[in-house]
Amino acid sequence: MKNTKLLVLIVVAALIGAFFYFDGAQYISIEKFRGWVDENALTAALAYLGLYILVAALSLPGAAGITLLGGAVFGLWLGVLLVSFASSIGATLAFLLSRTLFADTVNAKFGSYLTKINEGVAKEGAFYLFTLRLIPAVPFFVVNLVFGLTKIKTWTFYWVSQLGMFAGTIIFVNAGAQLGAVEELSVSGVLTPSILGAFILLALFPYIVRGTVNWFKAKQAYKGYAKPKNFDTNLVVIGGGSAGLVSAYIAAAVKAKVTLIEKHKMGGDCLNTGCVPSKALIRAAKTNHFIEKADQLGIENASGVVNFPKVMQRIHKVIDTIEPHDSIERYTSLGVDCIQGEATIRSPYEVEVNGKVITTKNIIIASGARPFVPPIPGLADVEPLTSDSLWSLEEQPKKLLVMGAGPIGCELAQSFQRLGSEVTVVDMADRLMPREDEDVSEYMLDVFQQEGVNVVLGQQIVGFKKADDGYIAQLKGEQGESEISFDRVMVAVGRKANTEGMGLEELGIETVRPGTIMVDEYLRTKFPNIYACGDVAGPYQFTHTAAHQAWYASVNALFGKFKKFKVDYRVIPWATFSDPEVARVGLSEAEAKEKGIEYDVTKYGIDDLDRAIADNEAKGFVKVLTVKGRDKILGCTIVGAHGGELITEYVSAMKHNIGLNKILGTIHIYPTMSEANKFVAGEWKRKNVSEKTLAWLEKFHNWTRG
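Not measured: the values here are computed from a predicted model. (Residues numbered from 1 in each chain as written. Predicted model: local features only at pLDDT ≥ 70, side-chain atom pairs only at ≥ 80, totals over all residues. Heavy atoms only, no water.)

Quick look at the overall build of the protein
Here is step 1 of the chain: Counting its secondary structure elements, the protein contains 27 helices and 23 strands.
Here is step 2 of the chain: Every one of the 706 residues in the protein was classed for burial, and the buried ones make up 47%.
Here is step 3 of the chain: Taking contacts inside the protein between residues at least 6 apart in sequence as the whole, the part at least 24 apart equals 65%. (Helix = DSSP H or I, 4+ residues; strand = E, 2+ residues; numbered from the N terminus. Buried < 20%, exposed > 50% of the residue type's maximum accessible area, 1.4 Å probe, protein only. Contact = heavy atoms within 4.5 Å.)

Shown next, in the form of structure tokens:
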């Protein structure tokens, strides 16, 4: 295979070299081709056909120019015939080269397109390729190469490509034909109505096609549903969590009539069972940890007794204190019509709640997600806790088993260990926080083990049974079978989108793995007036991304006829609020390697930071990935105290394309934890000054001393 690739590359290089050596440009001028057509039309047509196929097959630039040339030389209809077959044959050859010889290379260079294209093919089949050919949202040569990595059949690729590109071929060749008809190369000769019209049509073609395709899809989706003449409201929002609240807030702020429906508690999971209570628990646990380590600060005989019921009481008090921010009263005062009840979508324009049908121009589904409880034998019999039910605990577990070593599992496991429980964490993965890099996982594993958390990795819980003094979990892994005793189990293995019972199946609104609603880049479902955002839509299940998506969903729903916005996922940060915190934005090393991106890594140990040493928080590191040889930031991971706050500087830098040089040149207050961000930039700068430059500088300074 390697020899074949090398041979193909040699042939391609030889052809390109021969083209320039023999001045191949002279043979593709309009005058030369016209002469060929006059002398021997068949030879000229075959030469043009071969040239076009070669350019398309090798993904060389210039296909658009050659298309215009075809119209100028051969006229409209013969030009269309030649270009249509040449472009389709060339595209198919590029497709086959990608599939057979250059799959690894194409995947490394254009792999970012593959996931989206696979999803499109899975959803729409050959029609997805047809729309890509009609609407050049992705360059044609990329379509040729990336589709070679899909499972689509070669013949299907060929005929769909030829059919899909046919309309565009006519438009392009016509523009070339109009130019070819110019007899005088002057302003008046070129700026004729026919030429201007041809190029205006060329410019408008993508928009015309996109509008036509969207109209066709909408017509198919709405078939069988009658659109009301008048509507009760501009927007119905289903769900009162972060995504729903922000959607309703924005709609009310721009004076739209909006109805918000919530069947449980306003504020959603984040306020009632997620972010807020977990951070209050973490604070209590960290305070007890500080007391236990007070002697390190010179404070002797410090002691404290954990009163677990009082810890839980404070957590509920914190929730009650924040609750007015998300209350019905507040949102009613903002102009939102709030209804408590269970919503059912009866049609794209009708939502039923409490027996009443509300007609609406637009719908936003923001119903959130809930903890996923796997179907393990005996699990239901041990009364498992989840992040939803945990907060009703009145008695602290003596021996707590945590299923899952992700963010939720790690946060709660460390907190309960610090409060005095004996905690065991079990996960099928071979490391803690498996979506982070290995150095992060290893660092946090060491922290957990030092604090007494029993971490069992690479093991699967296959069953539960009752014991005399509690319960037993049965484990299975490469090392064999084992058992762990416990008195309460906490399930933290993921979350499942809330899509049941709303009428989505009846409407044919599809879900994708892992159960989230299928939406496009504008957050629309199959119905252009029904949107989804937040945990129910994915792909990120964070409160801040739910709020981020909500802006796009509400603005697109209310103003999409005039201007639509594609949701921007380029810079998504997150944090695990363990101690030390683990925060990340952008690529990890593992992701960069998977995408074939060349990068440099710069690390700074927070154990060397003055403020961290003074605060007894000298632990962790800042790790930045940059483009190889440049200061452009690809990603950053911070393991350390206040990592969730410190990462914001890198979020802003990536959002606004600020590199490490500018971070290094920014004044950071001394002594603060934020200096770590500057120092890692300094480490990058030191590593990227060449030895040759330093040698010349040394000579210069020696010279200045005389």
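Points about the sheet that holds strand S12 (residues 470–477)
Here is step 1 of the chain: Here 3 strands make up an open sheet; going across it, the order is S11-S12-S13 and the pairing antiparallel. Where the open sheet ends on each side, the last strands, each with one partner, are strand S11 (459–467) and strand S13 (480–486). Averaged over all pairs of adjacent strands, the angle between their axes in this sheet comes to 25°, without regard to strand direction.
Here is step 2 of the chain: With 7 bridges connecting them, S12 and S13 associate as antiparallel partners. Its bridge partner lying in S13, Ile472 is registered against Ser485. (Pairing = 2+ DSSP bridges. Axes fitted to C-alpha atoms, helices over the stretch in contact; angles between N-to-C directions.)

Observations concerning helix H14 (residues 275–292)
Here is step 1 of the chain: Spanning 18 residues, H14 covers 26 Å between terminal C-alpha atoms, matching the ideal 26 Å at 1.5 Å per step.
Here is step 2 of the chain: What H14 keeps buried is the set Val276, Pro277, Ser278, Ala280, Leu281, Ile282, Ala285, Lys286, Asn288 and His289. (Expected span 1.5 Å × (residues − 1).)

Quick look at unusual backbone geometry
Here is step 1 of the chain: Following Asp579, the chain continues into Pro580 via a peptide bond in cis, with omega recorded as 5°.
Here is step 2 of the chain: By the secondary structure assignment, Pro580 is in the loop between strand S19 (573–576) and strand S20 (581–586).
Here is step 3 of the chain: That bond from Tyr670 to Pro671 is cis: its omega, -10°, falls within 30 degrees of zero.
Here is step 4 of the chain: Within the secondary structure, Pro671 is located in the loop between helix H25 (660–664) and helix H26 (675–687).
Here is step 5 of the chain: The phi dihedral of Glu383 is positive, around 50°, even though this residue is not glycine.
Here is step 6 of the chain: Within the secondary structure, Glu383 is located in the loop between strand S7 (369–371) and strand S8 (399–403).
Here is step 7 of the chain: Not every positive phi belongs to a glycine, and Leu523 is a case in point at roughly 70°.
Here is step 8 of the chain: Tracing the sequence through the fold places Leu523 in the loop between strand S17 (516–517) and strand S18 (530–532).

As for the packing of aromatic side chains
Here is step 1 of the chain: Taken as a whole and assessed by the stated rule, the structure comprises 18 aromatic pairs.
Here is step 2 of the chain: When the ring of Tyr222 is compared with that of Tyr349, the centres are 5.6 Å apart and the planes differ by 15°; the resulting orientation is stacked. Of this pair, Tyr222 sits in the loop between helix H11 (193–221) and strand S1 (233–238) while Tyr349 sits in the loop between strand S4 (343–347) and strand S5 (350–353), and the two are 127 residues apart along the sequence. Each member of the pair, Tyr222 as well as Tyr349, is classed as buried.
Here is step 3 of the chain: Taken together, the ring pairs in this structure connect Tyr222, Tyr225, Phe231, Tyr349 and Phe527 into an aromatic cluster.
Here is step 4 of the chain: Geometry around Phe565 places Lys563 over its ring, the cationic atom sitting 5.6 Å from the centre.
Here is step 5 of the chain: In this structure, Lys564 is placed above the aromatic ring of Tyr522, and the distance from its NZ or CZ to the ring centre is 5.3 Å. (Phe/Tyr/Trp six-rings, centres within 6.5 Å; stacked < 30°, edge-to-face > 60°. Lys NZ or Arg CZ within 6 Å of the ring centre and 35° of its normal.)

A closer look at the packing of helix H4 (residues 63–74) against helix H5 (residues 76–100)
Here is step 1 of the chain: Contact pair H4 / H5: the axes reach a minimum separation of 7 Å and the direction vectors enclose 140°. By crossing handedness, the relation of H4 to H5 is classed as right-handed. Side by side, H4 and H5 meet where Thr67, Gly70 and Phe74 of the first sit next to Leu76, Leu78, Gly79, Leu82 and Val83 of the second.
Here is step 2 of the chain: Residue composition of the contact of H4 with H5, by class: 5 nonpolar, 3 polar and no charged. (Left-handed = near helix turned anticlockwise from the far one by under 90°. Nonpolar A, V, L, I, M, F, W, Y, C, P; charged D, E, K, R; others polar.)

A few points about the pattern of salt bridges
Here is step 1 of the chain: Scanning all chains against the criterion turns up 23 salt bridges.
Here is step 2 of the chain: Note that Asp568 is salt-bridged to Lys655, the shortest N-O span being 3.3 Å. Of this pair, Asp568 sits in the loop between helix H20 (543–559) and S19 while Lys655 sits in helix H24 (residues 648–655), placing them 87 residues apart in sequence.
Here is step 3 of the chain: Its relative accessible area of 14% is what places Asp568 among the buried residues.
Here is step 4 of the chain: Taken together, the salt bridges that share partners define one network made up of Arg418, Glu451, Asp579, Glu617 and Lys619. (Salt bridge = Lys/Arg side-chain N within 4 Å of Asp/Glu carboxyl O.)

Notes on the packing of H5 against helix H8 (residues 140–147)
Here is step 1 of the chain: Remark: H5 packs on H8, axes separated minimally by 7 Å, with the N-to-C direction vectors making an angle of 45°. One element, H5, and the other, H8, form an angle in the oblique class. Viewed along their axes, H5 and H8 form a crossing whose handedness is right-handed. Contact with H5, carried on its side by Ala91, Ala94, Phe95, Ser98 and Arg99, involves Asn144, Leu145 and Phe147 of H8 and no other residues of that element.
Here is step 2 of the chain: Residue composition of the contact of H5 with H8, by class: 5 nonpolar, 2 polar and 1 charged. (Parallel < 35°, antiparallel > 145°, perpendicular 65-115°, else oblique.)

Digging into the sheet that holds strand S22 (residues 621–627)
The pairing of strands in a sheet happens through backbone hydrogen bonds and is either parallel or antiparallel.
Here is step 1 of the chain: Ordered by their spatial adjacency, 5 strands build an open sheet running S19-S20-S23-S22-S21, and the pairing between neighbours is antiparallel. The outermost strands of the open sheet, each flanked by one partner alone, are S19 and strand S21 (599–605). Strand-to-strand twist of the sheet, defined as the mean angle between neighbouring strand axes without regard to direction, takes the value 10°.
Here is step 2 of the chain: Sheet topology note: the S22/strand S23 (residues 633–640) ladder contains 6 bridges and is antiparallel. Directly across from Thr626, in S23, lies its bridge partner Ile633.

So, a nonpolar patch on the surface
Here is step 1 of the chain: Together, Leu78, Leu81, Phe85, Ile89, Leu93 and Leu96 line one region of the surface with nonpolar side chains, adding up to about 460 Å² of accessible area.
Here is step 2 of the chain: Secondary-structure assignment places Ile89 in helix H5. (Patch = residues over 30% accessible without salt bridge, like charges linked within 9 Å, V, L, I, M, F, W, Y side chains within 5 Å. Areas by Shrake-Rupley, 256 points an atom, 1.4 Å probe, with all protein chains shown as cover.)

Description of the environment of Ile530
Here is step 1 of the chain: Relative to the helices and strands, Ile530 resides in strand S18.
Here is step 2 of the chain: Residues Ile530 and Ala553 lie 23 residues apart in sequence; the distance between their C-alpha atoms is 9.3 Å.

Description of the pairing of S5
Here is step 1 of the chain: Of the two faces of S5, the one holding Val351 and Val353 is buried and the one holding Glu350 and Glu352 is not buried anywhere.
Here is step 2 of the chain: Linkage of S4 to S5, two consecutive antiparallel strands, is achieved through a turn of 2 residues.
Here is step 3 of the chain: By the bridge criterion, 4 bridges tie S5 to strand S6 (residues 356–365) in an arrangement that is antiparallel. Each bridged residue has a counterpart across the sheet, and for Val353 the counterpart in S6 is Lys356.

Describing the nonpolar core
Here is step 1 of the chain: Counting residues in each nonpolar core, the largest one holds 37 residues, and the members touching the most others are Leu281, Ile315, Phe416, Val423, Leu432, Met444 and Phe448.
Here is step 2 of the chain: Those elements that place two or more of their residues in this core are H14, helix H15 (308–322), S8, helix H17 (407–419), strand S9 (422–427) and helix H18 (438–450).
Here is step 3 of the chain: At 6 residues, the largest contribution of residues to this core is made by H15. (Core = buried A, V, L, I, M, F, W, Y, C linked by side-chain atoms within 4.5 Å.)

Notes on the pairing of S4
Here is step 1 of the chain: Along S4, 4 of the 5 residues are buried, which leaves the element largely enclosed by surrounding structure.
Here is step 2 of the chain: Bridge analysis of S4 against S5 gives 4 bridges, and the strand direction is antiparallel. Bridge pairing in S5 places Ile345 opposite Val351.

Some words on the confidence of the model for the protein
A low pLDDT means the predicted coordinates there should not be read in detail.
Here is step 1 of the chain: Summary statistics for the protein give a mean pLDDT of 87 and a share of 89% for residues scoring 70 or more.
Here is step 2 of the chain: In this model residues 184–191 is a low-confidence stretch, pLDDT under 50, and it forms 7 contacts with partners more than four residues away in sequence or in other chains. (pLDDT = per-residue confidence, 0-100.)

A word on the side chain of Asp439
Here is step 1 of the chain: Inspection of the secondary structure assignment puts Asp439 in helix H18.
Here is step 2 of the chain: A distance of 2.9 Å separates the side chain of Asp439 from the side chain of Lys603, its partner in a polar contact.
Here is step 3 of the chain: Setting aside chain neighbours within four positions, we find Asp439 in contact with Lys603, Phe621 and Lys623. (Polar contact = N/O pair within 3.5 Å; in protein donor to acceptor, adjacent residues only side chain to side chain.)

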